[in-house]
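Read off the chains here:
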Amino acid sequence: AQVLLLLLLAAELFGCGAPGFDAKEIEHGRLASKKGVWILEVDGNAAERGHAIGTLLRKQIRWLLPRYLKANVGAETPPAFPLAIVHSLETEIPKPHLEQLNAIAAAAGVDREALLIANLAPEVWSGMACSCLAATGKRSPSGSPLLGRNLDWYGGDALAPLTFVLVEHGAKHSFASVTYPGLVGVVSGMNDVGLSAANLVVLEQRAKPVKGMPVMFALRSILENHSTVEQASEALGAFDRTVPQNYAFADLERAAVFETWRSRFVRRDPKAGFVAIANAFDPDHRARSDGRYESMLHAGKKPVITVKDIQAALNDVALDETNLQALVFEPRERVLHISTRPPPAARGPFVRLELARLLNRE
């Protein structure tokens with residue numbers, strides 16, 4: 001019996017393909033597919049949401065976590081280096097976020113410190129390189145700002161088939177996060193009043209993390225508590241910042257990008273209704289040889305910028321097999337255009353999701 005149990009466990013953890021999602025509803029959680037995109041809705045307090053996530057995504061979390069750690073830190077269990085970072089930053093994470101993470105780990109039956117390492121990806125490893133571009137309402141045919149986002153992140157073979165949208169109710173603002181099983185922090189998201197957000201690593205400025213609010217938890221905190229780019233700017237500026245990081249935000253009226261580090265906090269607003277950002281601080285862009293920033297600026301020269309124009313620009317700058325997310329947010333309409341195809345995701349096709357009813361529970 002023990003041998004059979006071990007074989008079953010090994011098959012669960014190290015089987016060849018990612019386990020598929022299963023439509024199911026339990027207390028505080030509902031997992032279903034819409035237009036081919038899996039959406040998980042959770043509610044209740046932090047621990048109840050975490051329990052629902054860990055229960056409904058147990059197979060996926062147990063399959064993904066050891067592979068993700070192996071790909072990024074070289075081991076399926078937490079080695080000493082990331083654990084040292086975890087222990088130095090854990091006290092800075094908001095208590096409800098930790099409660100949710102603990103509940104996920106317990107329900108999924110995985111090591112909480114390993115799960116915490118995955119949620120501190122920007123602080124632990126530099127295997128990310130993303131791009132964002134935004135147009136204000138005066139440049140878009142709908143009159144609404146548009147925010148385009150490429151997530152280019154190592155671990156595509158494991159992460160890509162498990163992309164889903166998590167909709168959480170329970171904080172001041174409900175939010176939708178385009179994410180992966182086990183992530184409590186946010187890398188790409190929109191809240192119920194349309195504030196949309198994304199983060200981008202800064203490659204030239206890599207440094208050891210310092211004590212502060214971890215990146216993905218900072219982004220989540222902003223979506224849970226704020227309504228506008230101005231409020232997001234104030235909150236982001238007030239955080240102690242752990243590592244160099246760029247951000248992009250859009251709301252119903254405006255968009256902006258931010259370049260941040262310990263003492264650096266630079267806000268760049270759109271020029272002539274357009275702004276772009278990649279993986280460097282602005283003075284360094286002209287010296288970069290990959291051309292992604294310049295390519296996005298070229299897209300901004302069109303007199304009218306449509307959703308399809310943003311999608312085409314994302315495709316032009318996507319980084320091949322690391323391109324796991326290609327998204328366009330329409331904050332005013334609470335609409336998300338998402339491609340969940342295998343990398344590069346930006347090739348599409350994109351699916352249009354109406355998030356307003358999900359976020360506002362209509």
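Note that the structure is predicted; figures quoted are calculated from it, not measured.

You can see Glu234 is positioned in helix H10 (residues 229-238). Once the C-alpha coordinates of Glu234 and Tyr247 are considered, the two residues, 13 residues apart in sequence, prove to be 13 Å apart.

A few words now on the sheet that holds strand S4 (residues 131-135). Here we have six strands laid out as an open sheet, ordered S13-S4-S5-S14-S15-S16, and antiparallel in their pairing. Of all the strands in the sheet, the pair left with one neighbour each is strand S13 (274-277) and strand S16 (351-354). Across the sheet, the mean angle separating the axes of adjacent strands is 15° when strand polarity is ignored. Relative to strand S14 (residues 323-330), strand S5 (residues 146-152) runs antiparallel, the two sharing six bridges. Looking across to S14, one finds that Gly148 is bridged to Val328. Contacts from helix H12 (residues 307-317) reach S4, S5, S14 and strand S15 (335-339), with the element oriented near 20° to S5.

Every second residue of S13 is oriented toward a common face, with Phe274 and Ala276 on one face and Val275 and Ile277 on the other, all of them buried. Where S4 meets S13, four bridges bridge the pair, whose relative direction is antiparallel. Looking across to S13, one finds that Leu133 is bridged to Ala276.

Turning to the packing of helix H11 (residues 292-299) against H12, a few remarks are in order. In the contact formed by H11 and H12, the axes pass within 9 Å of each other and the chain directions differ by 165°. Judged on the interaxial angle alone, H12 and H11 are roughly antiparallel. Crossing of H11 against H12: the hand is right-handed. Together, Arg292, Ser295, Met296 and Ala299 of H11 and Ala313, Asp316 and Val317 of H12 make up the contact between the two elements. Counted by class, the contact of H11 with H12 contains four nonpolar, one polar and two charged residues.

Going through the model one piece at a time under the given rule, you end up with 19 salt bridges. Between Lys59 and Asp22 there is a salt bridge, with the nearest N and O atoms lying 2.8 Å from each other. One end of the pair, Lys59, is in helix H3 (residues 58-73); the other, Asp22, is in the loop between helix H1 (2-14) and strand S1 (24-26), and 37 residues separate them in sequence. Classification of Asp22 as partly exposed rests on a relative accessible area of 43%. The closest approach of N and O atoms between Glu90 and Arg112, which form a salt bridge, is 2.9 Å. Of this pair, Glu90 sits in the loop between helix H4 (80-89) and helix H5 (95-108) while Arg112 sits in helix H6 (residues 112-118); the two residues are 22 residues apart in sequence, bridging distant segments of the chain. A relative accessible area of 26% places Arg112 in the partly exposed class. Salt bridges here are not isolated pairs; linked through shared partners, they connect Glu230, Asp251, Arg254, Arg267 and Asp269.

Take the sheet that holds strand S9 (residues 196-201) next. Here ten strands make up an open sheet; going across it, the order is S1-S2-S3-S6-S7-S8-S9-S10-S11-S12 and the pairing mixed. Bordering the open sheet on either side are S1 and strand S12 (265-268), each of which pairs with just one other strand. Averaged over all pairs of adjacent strands, the angle between their axes in this sheet comes to 20°, without regard to strand direction.

Turning our eyes to something else, we now look at the nonpolar core. One recurring pattern in soluble globular proteins is that nonpolar side chains are buried together. Ranked by internal contacts, the top residues of the largest apolar core, which has 81 residues, are Leu40, Trp153, Val165, Leu336, Ile338 and Leu353. Counting residues per element, this core draws most heavily on H3, which supplies six residues. Setting aside residues up to four positions removed in sequence, Leu353 forms contacts with Lys34, Lys35, Val37, Ile39, Val165, Arg334, Val335, Leu336 and Ile338.

Residue placement: Asp43 occurs in the loop between strand S3 (37-42) and helix H2 (46-56). Within polar-contact distance, the side chain of Asp43 engages the side chain of His28 at 3.0 Å. Polar contacts involving the side chain of Asp43 include one to the side chain of Arg361, which spans 2.9 Å. In this view, Asp43 contacts His28, Glu48, Arg49, His169 and Arg361; residues no more than four positions away in its chain are not counted.

Scanning all chains against the criterion turns up seven aromatic pairs. On the numbers, 6.5 Å between centres and 80° between planes, the contact of Tyr68 with Trp153 is edge-to-face. On the criterion of sequence distance, the pair formed by Tyr68 in helix H3 and Trp153 in the loop between S5 and helix H8 (156-159) is long-range, its members being 85 residues apart. Taking the centre distance of 6.4 Å and the plane angle of 80° together, the rings of Trp153 and Tyr180 count as edge-to-face. Here Trp153 is found in the loop between S5 and H8, whereas its partner Tyr180 is found in the loop between strand S7 (175-179) and strand S8 (188-191), with 27 residues between them in sequence. The same class applies to Trp153 as to Tyr180, namely buried.

Moving on to the side chain of His173. Mapped onto the elements, His173 comes out in the loop between strand S6 (164-168) and S7. Within the structure, His173 has its side chain in polar contact with the side chain of Asp192 (distance 2.8 Å). Excluding anything up to four places from it in sequence, His173 contacts Asn191, Asp192, Val193, Leu223, Glu224, Asn225, His226 and Ser227.

Right, let's get into H4. Restricting attention to buried positions, one finds in H4 the residues Pro82, Leu83, Ile85, Val86 and Leu89. Along the axis of H4, the buried positions cluster into a sector of 160°, meaning they face one direction only. Seen from the buried face of H4, the exposed residues on the opposite side, beyond 90 degrees, are Ala80 and Phe81. In this fold, the buried residues of H4 make contact with H3, H6 and helix H7 (121-124).

Definitions and cut-offs
Residues numbered from 1 in each chain as written. Predicted model: local features only at pLDDT ≥ 70, side-chain atom pairs only at ≥ 80, totals over all residues. Heavy atoms only, no water. Helix = DSSP H or I, 4+ residues; strand = E, 2+ residues; numbered from the N terminus. Pairing = 2+ DSSP bridges. Axes fitted to C-alpha atoms, helices over the stretch in contact; angles between N-to-C directions. Contact = heavy atoms within 4.5 Å. Buried < 20%, exposed > 50% of the residue type's maximum accessible area, 1.4 Å probe, protein only. Parallel < 35°, antiparallel > 145°, perpendicular 65-115°, else oblique. Left-handed = near helix turned anticlockwise from the far one by under 90°. Nonpolar A, V, L, I, M, F, W, Y, C, P; charged D, E, K, R; others polar. Salt bridge = Lys/Arg side-chain N within 4 Å of Asp/Glu carboxyl O. Core = buried A, V, L, I, M, F, W, Y, C linked by side-chain atoms within 4.5 Å. Polar contact = N/O pair within 3.5 Å; in protein donor to acceptor, adjacent residues only side chain to side chain. Phe/Tyr/Trp six-rings, centres within 6.5 Å; stacked < 30°, edge-to-face > 60°. Arc of directions from axis to C-beta.

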